[in-house]
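Report on the structure
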Amino acid sequence: MELVFYLLQTVSTFLILICLWLARTLWTKVKELEENQVSHRLELERKIANLELATTTRIVKLEQLGT
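The rules behind each value
- Residues numbered from 1 in each chain as written.
- Predicted model: local features only at pLDDT ≥ 70, side-chain atom pairs only at ≥ 80, totals over all residues.
- Heavy atoms only, no water.
- Helix = DSSP H or I, 4+ residues; strand = E, 2+ residues; numbered from the N terminus.
- Rg over C-alpha atoms; globule rule 2.2 N^0.38 Å.
- Buried < 20%, exposed > 50% of the residue type's maximum accessible area, 1.4 Å probe, protein only.
- Areas by Shrake-Rupley, 256 points an atom, 1.4 Å probe, with all protein chains shown as cover.
- Lys, Arg positive; Asp, Glu negative; His and termini not counted.
- Charge placed at Lys NZ, Arg CZ, Asp CG, Glu CD.
- Salt bridge = Lys/Arg side-chain N within 4 Å of Asp/Glu carboxyl O.
- Patch = residues over 30% accessible without salt bridge, like charges linked within 9 Å, V, L, I, M, F, W, Y side chains within 5 Å.

Our focus in this paragraph is the overall build of the protein chain. For the protein chain, the count of helices and strands is one helix and zero strands. The globule rule puts the C-alpha radius of gyration for 67 residues at 11 Å, and the 29 Å found for the protein chain is more than 25% above it. Once the C-alpha set of the protein chain is aligned to its principal axes, its extents read approximately 100 × 10 × 5 Å. Looking at the protein chain as a whole, 0% of its 67 residues qualify as buried. Accessible area of the protein chain: about 6,600 Å², with a carbon and sulfur share of 70%. Put simply, the protein chain has 8 plus and 8 minus side-chain charges, and the middle of one group is 8 Å from the middle of the other.

Below is the structure:
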């Protein structure tokens, strides 16, 4: 009877350790994805700002040609 209890305790401890390892791995992956998302968002914002600047510059040049 004690052997069965010991085996169940060992198995449950092992399963808990596996769950903790999986949780840590998933948490690391989520953090990595969040960092990539922020990086991608900043890159898109920079590209949009560059396009807005280029558009404004073209508008000003066209206005100068028209006057």
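This paragraph deals with the pattern of salt bridges. Counted by the stated rule, this structure contains four salt bridges. For K29, the salt bridge is made with E32, and the minimal N-O distance between the two is 3.6 Å. Of this pair, K29 and E32 both sit in helix α1 (residues 2-66), three residues apart, roughly one helical turn. According to the relative accessible area criterion, K29 is partly exposed, its value standing at 42%. Judged by its relative accessible area of 37%, E32 falls in the partly exposed class. A salt bridge links E43 to K47; the nearest nitrogen and oxygen atoms lie 3.3 Å apart. A residue pair is termed a helical-turn pair when its members lie 3 or 4 positions apart in one helix, as E43 and K47 do in helix α1 at four residues. According to the relative accessible area criterion, E43 is partly exposed, its value standing at 35%. With a relative accessible area of 42%, K47 lands in the partly exposed category.

With that out of the way, let us pick up a nonpolar patch on the surface. Among the surface-exposed residues, V11, F14, L15, I18, W21 and L22 lie close enough to one another that they form a single nonpolar patch of about 590 Å² accessible area. Position of I18 among the secondary structure elements: in helix α1.

In short, geometric facts, not functional conclusions.
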